[in-house]
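For reference, the chains in residue letters:
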Amino acid sequence: FNVSYTVKKIRFGDEFPGHIHQLDGEERVIEDGYGMYQYYIQVVPTLYKWLNGTEMQTNQYSVTEHMRHVTPGSGRGLPGVFFFYEVSPLHVEIEEYKRGWVSFFTSVAAIVGGVITFMGMIDKYMFMTTAKSKQLLR
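Draft legend 1. Just the nonpolar core, in detail. Within the largest apolar cluster, 11 residues are counted, these being Val3, Tyr5, Val7, Ile10, Leu23, Ile30, Tyr37, Tyr39, Ile41, Val43 and Tyr61. Going through the elements one at a time, strand E1 (5–7) and strand E3 (35–49) are the ones with two or more residues in this core. Considering each element in turn, this core owes the most residues, 4 residues, to E3. When neighbours within four sequence positions are excluded, Val7 is seen to be in contact with Leu23, Asp24, Gly25, Glu26 and Phe83.

Quick look at the structure:
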């Protein structure tokens, strides 16, 4: 049994931006011809919401691959490629949004405050170290 194969394209819904399809273009070649490939696919319903108000209902998936060699007549399965899938009870929503100027200025203020605090800690450490070294020298 030659179970070599190529997965050209597999989808569980419409295309959406930035999605990576793990199985696209996957190719497996088995030399002895007695391989059993099993793919366990977890399908996750996904809702995309764009800034202009449009929405798209589609699905993402994750996959786990198992391969084992099956000896003919062993009763441990048949050579072949098997896809098992289940739909996740969880639902993912991806929403585009704009962050305003207030959020930007808050982030900048947090960064500046962190830098000032860190520099103050370094200054205190340097002061304490030099003060101790002056005491030891006396």
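Draft legend 2. Looking closely at the packing of aromatic side chains. All chains considered together, the criterion is met by 10 aromatic pairs. Summarising the aromatic geometry, the rings of Tyr39 and Phe83 are spaced 5.2 Å apart at their centres and angled 15 degrees between planes, so their arrangement reads as stacked. One end of the pair, Tyr39, is in strand E3; the other, Phe83, is in strand E5 (residues 80–87), with 44 residues separating them in the sequence. Measuring from ring centre to ring centre gives 5.6 Å for Tyr48 and Trp50, while their planes differ by 20 degrees; the resulting arrangement is stacked. Classification of Tyr48 by relative accessible area gives buried; the value is 9%.

Draft legend 3. Examining empty space enclosed by the protein more closely. Summed over the entire model, instances satisfying the criterion amount to 1 cavity of 30 Å³ or more. Approximately 30 Å³ is the volume attributed to the largest cavity. What lines the largest cavity is Arg11, Phe12, Gly13, Asp14, His19, His21, Thr58, Asn59 and Tyr61. Looking at side-chain class alone, the lining of the largest cavity contains 2 nonpolar, 5 polar and 2 charged residues.

Draft legend 4. Here's a closer look at the pairing of E3. Within E3, 12 of the 15 residues are buried, which leaves the element mostly enclosed by the surrounding structure. Of the strand pairs in this sheet, E3 and strand E4 (residues 55–69) are connected by 15 bridges, and their pairing is antiparallel. The residue bridging Ile41 from the neighbouring strand is Val63, located in E4. The turn joining E3 and E4, which pair antiparallel and follow one another in sequence, is formed by 5 residues; a positive phi near 95 degrees is taken by Gly53. Two elements, E3 and E5, share 8 bridges in a ladder whose sense is parallel. Considered in E5, the bridge of Met36 is made with Gly80. Looking at chain direction, E3 and strand E6 (residues 92–95) are connected through 4 bridges and run parallel. Opposite Lys49, over in E6, you have Glu95 as the bridge partner.

Definitions and cut-offs
Residues numbered from 1 in each chain as written. Predicted model: local features only at pLDDT ≥ 70, side-chain atom pairs only at ≥ 80, totals over all residues. Heavy atoms only, no water. Core = buried A, V, L, I, M, F, W, Y, C linked by side-chain atoms within 4.5 Å. Buried < 20%, exposed > 50% of the residue type's maximum accessible area, 1.4 Å probe, protein only. Helix = DSSP H or I, 4+ residues; strand = E, 2+ residues; numbered from the N terminus. Contact = heavy atoms within 4.5 Å. Phe/Tyr/Trp six-rings, centres within 6.5 Å; stacked < 30°, edge-to-face > 60°. 1 Å grid on protein atoms, 1.4 Å probe; cavity = no way out; pocket = protein on both sides within 12 Å on 5 of 7 lines; lining within 4 Å. Points joined across faces, edges and corners; volume = space filled by probe spheres on them. Nonpolar A, V, L, I, M, F, W, Y, C, P; charged D, E, K, R; others polar. Pairing = 2+ DSSP bridges.

All we've got here are geometric facts, nothing functional implied.
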